[in-house]
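Observations on the model geometry
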Amino acid sequence: MERIGIYGGTFNPPHVGHIRAARYAIDALKLEKLLLIPSCIAPHKALPADAPTPTQRLEMVRLSALEKMEVCDIELSRGGTSYTYETVDSLAKQYPKKELVLLMGTDMFLSFLTWREPERILKNVSVGVLYRGDKGELEQIAEQKKNLEKLGTTVYLIENPINAISSTQLRRLLIFGCGKTFLPDGVEDYIIKNGLYGTKKDYHNLPMDALEQVVVSLLKPNRVAHVLGCRDTAIDLAKRWGADATDAGRAGLLHDITKALDGPLQLTLCDEYGIVLGDFFQKYTKTLHALTGSLVAERIFGENQQVVDAIRSHTTGKANMNTLEKILYVADYMEPNRDFPGVEKLRQLAYTDLDKALKLGLEMTVALLNKNNQEISPASAEALAFLEKAGV
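Report on the accompanying structure.

Conventions used here
- Residues numbered from 1 in each chain as written.
- Predicted model: local features only at pLDDT ≥ 70, side-chain atom pairs only at ≥ 80, totals over all residues.
- Heavy atoms only, no water.
- Buried < 20%, exposed > 50% of the residue type's maximum accessible area, 1.4 Å probe, protein only.
- Helix = DSSP H or I, 4+ residues; strand = E, 2+ residues; numbered from the N terminus.
- Arc of directions from axis to C-beta.
- Contact = heavy atoms within 4.5 Å.
- Polar contact = N/O pair within 3.5 Å; in protein donor to acceptor, adjacent residues only side chain to side chain.
- Axes fitted to C-alpha atoms, helices over the stretch in contact; angles between N-to-C directions.
- Parallel < 35°, antiparallel > 145°, perpendicular 65-115°, else oblique.
- Left-handed = near helix turned anticlockwise from the far one by under 90°.
- Salt bridge = Lys/Arg side-chain N within 4 Å of Asp/Glu carboxyl O.
- 1 Å grid on protein atoms, 1.4 Å probe; cavity = no way out; pocket = protein on both sides within 12 Å on 5 of 7 lines; lining within 4 Å.
- Points joined across faces, edges and corners; volume = space filled by probe spheres on them.
- Nonpolar A, V, L, I, M, F, W, Y, C, P; charged D, E, K, R; others polar.

1. Side note on helix H10 (residues 208-218)
Residues of H10 that are buried: Leu211, Val214, Val215 and Leu218. Seen end-on, H10 carries its buried residues on one side only, within an arc spanning 100 degrees. Facing away from the buried side of H10 by over 90 degrees, the exposed positions are Asp209, Gln213 and Ser217. Considering only its buried residues, H10 is in contact with helix H8 (167-175), helix H11 (224-241) and helix H12 (245-254).

Here's what the structure looks like:
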């Protein structure tokens, strides 16, 4: 029996990871064709108010489709919430003599039995699981495979060697002026032409409240409280030590603006911005968000040099830091959401002796790195040496 694949999703936007995975599934399962089906309203994720329209997402999928991929608007035409059971009911009637294979990633597969009408879905389709081979993940997949096969379906496991970017990460990169390498041919031009994902917005010199809204939208949810706490603490410290409170607040808001990007994407941003990295940064990409954050603050948000410099040194420090740079480093370390041994002493020093607070923060960082057998940043070593020479 010939097989037809079903590959649904929000495709917001479609990216090379989607298309490469689709191509891989076509070959692995010897599919006659693969239906790419953009959802109208996804039941598991709400799209923001400024997201592309369903029609625009459909057009981007059309621009992305390759040989043996057919774009299907069945869920858009139906409207409302896009439930998979309704889609496969219709497709089973349309292709009564074909084996339909519903493709999904590991997360969706492991949560499949929580979907609406899962057994009804399995009466009409086999399941194809695109997985990446993590040992712990494989054990969960094997167990779920048994659960679904007990319900009478066939489960195909398809190893997917592609490390795909997520659509969420890609949307961040697009605002940062990057992301072209992750988009299928024609999709970037469509996005820019239509001003999708904020690509035509001017983010320069936003008022503080508007800047906060944009920043929060680009952070992971668990990072928001820290960033807002850092902003408020930086403003308080600026008032205490005579620095510009507005600059301190903006630096606090933007200091982790690229933190949500993983190591490889940090390197991507540096590459697209034309930044040549030293060995330390290439090895320890977790420290790169200070550099990339400063670049985004300057190029995308138009911040002044004082704010940019403070963001750049907020993770490692550096020799001869100015007052704003010290404030952001310390505020990041001891804002109210931080909780670790020694933080109360650091908070006291922050308002009585800023240099000693800075030195203590650097010393705690060095101690932790030594404990974990990790390399100390040359900038941190230089910062400590400078403070010691100055008699702090």
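2. Structural notes on the side chain of Ser294
Along the chain, the position of Ser294 falls in helix H15 (residues 288-299). The exposure class of Ser294 is buried, given its relative accessible area of 0%. Engagement of the side chain of Ser294 in a polar contact is seen with the side chain of Arg312, the distance being 2.9 Å. Ignoring any residue separated from it by four or fewer positions in sequence, one finds Ser294 in contact with Val308, Ile311 and Arg312.

3. Thoughts on the packing of helix H13 (residues 263-272) against H15
At a closest axis distance of 10 Å, the pairing of H13 and H15 adopts a crossing angle of 40 degrees. For the element pair H13 / H15, the angle class is oblique. Classified by chirality, the crossing of H15 by H13 is left-handed. In this structure, H13 uses Gln266, Leu267, Leu269 and Cys270 to contact H15, whose residues at the interface are Leu288, His289, Leu291, Thr292 and Val296.

4. Quick look at the pattern of salt bridges
Under the counting rule described, the total for this entry stands at 19 salt bridges. Between Glu32 and Lys98 there is a salt bridge; the shortest N-O distance is 3.0 Å. Highlighted residues: Glu32 in the loop between helix H1 (16-29) and strand E2 (33-38) and Lys98 in the loop between helix H4 (84-94) and strand E4 (99-105), separated in sequence by 66 residues. Note on Lys98: relative accessible area 25%, which makes it partly exposed. The partner of Asp232 in a salt bridge is Arg231, with the nearest N and O atoms 2.9 Å apart. The network of salt bridges with common partners includes Glu2, Glu32 and Lys98.

5. Overview of the layout of surface pockets
In this model, the second largest pocket occupies a volume close to 970 Å³. Lining the second largest pocket are 30 residues, and of these Thr287, Thr315, Thr365, Leu368 and Leu369 sit closest to its centre. The set of elements that each furnish at least two residues to the lining of the second largest pocket consists of helix H14 (279-283), helix H17 (323-334) and helix H19 (354-371). No other element matches the five residues that H19 contributes to the lining of the second largest pocket. Considering only residue class, the lining of the second largest pocket consists of 10 nonpolar, 12 polar and eight charged.

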